Amino acid sequence: VMPMLNVDFRNSGKLEGDNRIGSVVWDGFDSSHVTMNELPDYAQPSGGEEVYGSGLSHYFPADMKVRIGYVESFTKGRNQTTFDVVVRLATDFASLDYVVLVRNKSFDEVTQLEQSVKQTEKK
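With that settled, consider the overall build of the protein chain. Along the protein chain, the regular secondary structure elements total 1 helix and 6 strands. Ordering the α and β elements of the protein chain from the N terminus gives β-β-β-β-β-β-α. For 123 residues, the compact-globule estimate of 2.2 N^0.38 gives 14 Å, and the protein chain sits close to it at 15 Å. Looking at the 123 residues of the protein chain, the share that counts as buried comes to 31%. Within the protein chain, contacts between residues separated by at least 24 positions form 48% of all contacts whose residues are at least 6 apart in sequence. Here the protein chain has roughly 8,500 Å² of accessible surface; of this, 50% comes from carbon and sulfur atoms. Charge centroids of the protein chain, computed over 13 positive and 18 negative side chains, lie 6 Å from each other.

This is the structure in structure tokens:
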């Protein structure tokens with residue numbers, strides 16, 4: 001198990017109704033916000049828009065529509081072709097009492113396939 005509020009956590013996210021993907025990370029400081037980096041500028045984020053897991057990771061599988069949070073603010077990235085989006089989390093992790101864990105039955109198989117692809121790409 002790896003919580004979103006872990007500096008080693010990485011996931012892909014997208015705006016509701018848009019298939020463009022950004023990288024969701026936590027900076028280790030504010031437990032109510034994460035950042036979605038490298039969101040293509042074609043996505044055109046707006047304040048209050050919902051952010052969901054992309055379905056392209058082990059953490060938030062494609063068959064689960066998992067709300068990460070809401071767009072709070074955004075700025076152009078360093079290369080001016082992407083946005084860096086500040087996302088207010090949908091969950092107040094500091095006040096959680098109980099957590100339900102959902103097991104991804106394909107986790108091991110997907111991980112092995114990804115590692116195999118990475119090794120093949122290195123050759």
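Before going further, it helps to spend a moment on a nonpolar patch on the surface. Together, Met64, Val100 and Val102 make up a nonpolar patch on the protein surface, roughly 310 Å² of accessible area in all. Mapped onto the elements, valine 100 comes out in the loop between β6 (82-89) and α1 (107-122). Valine 100 sits in the exposed class, given a relative accessible area of 75%.

By size, the foremost hydrophobic cluster in this structure holds 18 residues, and its most contacted members are Met4, Val34, Met36 and Ile68. When residues in this core are grouped by element, the largest group, 4 residues, is from β6. Beyond its immediate chain neighbours, meaning those up to four positions away, methionine 36 contacts Gly13, Lys14, Leu15, Gly22, Ser23, Val24, Val51, Phe83, Asp84, Val85 and Val87.

Time to look at the pattern of salt bridges. Tallying each qualifying case throughout the model produces 5 salt bridges. For the salt bridge of arginine 20 with aspartate 18, the shortest nitrogen-to-oxygen distance reads 3.2 Å. Take arginine 20: its relative accessible area is 34%, and that puts it in the partly exposed class. A relative accessible area of 13% means that aspartate 18 is categorised as buried. Between glutamate 72 and arginine 88 there is a salt bridge, with the nearest N and O atoms lying 3.9 Å from each other. Here glutamate 72, found in strand β5 (residues 67-76), pairs with arginine 88, found in strand β6; they are 16 residues apart in sequence, far enough to count as distant.

About the criteria used
Residues numbered from 1 in each chain as written. Predicted model: local features only at pLDDT ≥ 70, side-chain atom pairs only at ≥ 80, totals over all residues. Heavy atoms only, no water. Helix = DSSP H or I, 4+ residues; strand = E, 2+ residues; numbered from the N terminus. Rg over C-alpha atoms; globule rule 2.2 N^0.38 Å. Buried < 20%, exposed > 50% of the residue type's maximum accessible area, 1.4 Å probe, protein only. Contact = heavy atoms within 4.5 Å. Areas by Shrake-Rupley, 256 points an atom, 1.4 Å probe, with all protein chains shown as cover. Lys, Arg positive; Asp, Glu negative; His and termini not counted. Charge placed at Lys NZ, Arg CZ, Asp CG, Glu CD. Patch = residues over 30% accessible without salt bridge, like charges linked within 9 Å, V, L, I, M, F, W, Y side chains within 5 Å. Salt bridge = Lys/Arg side-chain N within 4 Å of Asp/Glu carboxyl O. Core = buried A, V, L, I, M, F, W, Y, C linked by side-chain atoms within 4.5 Å.

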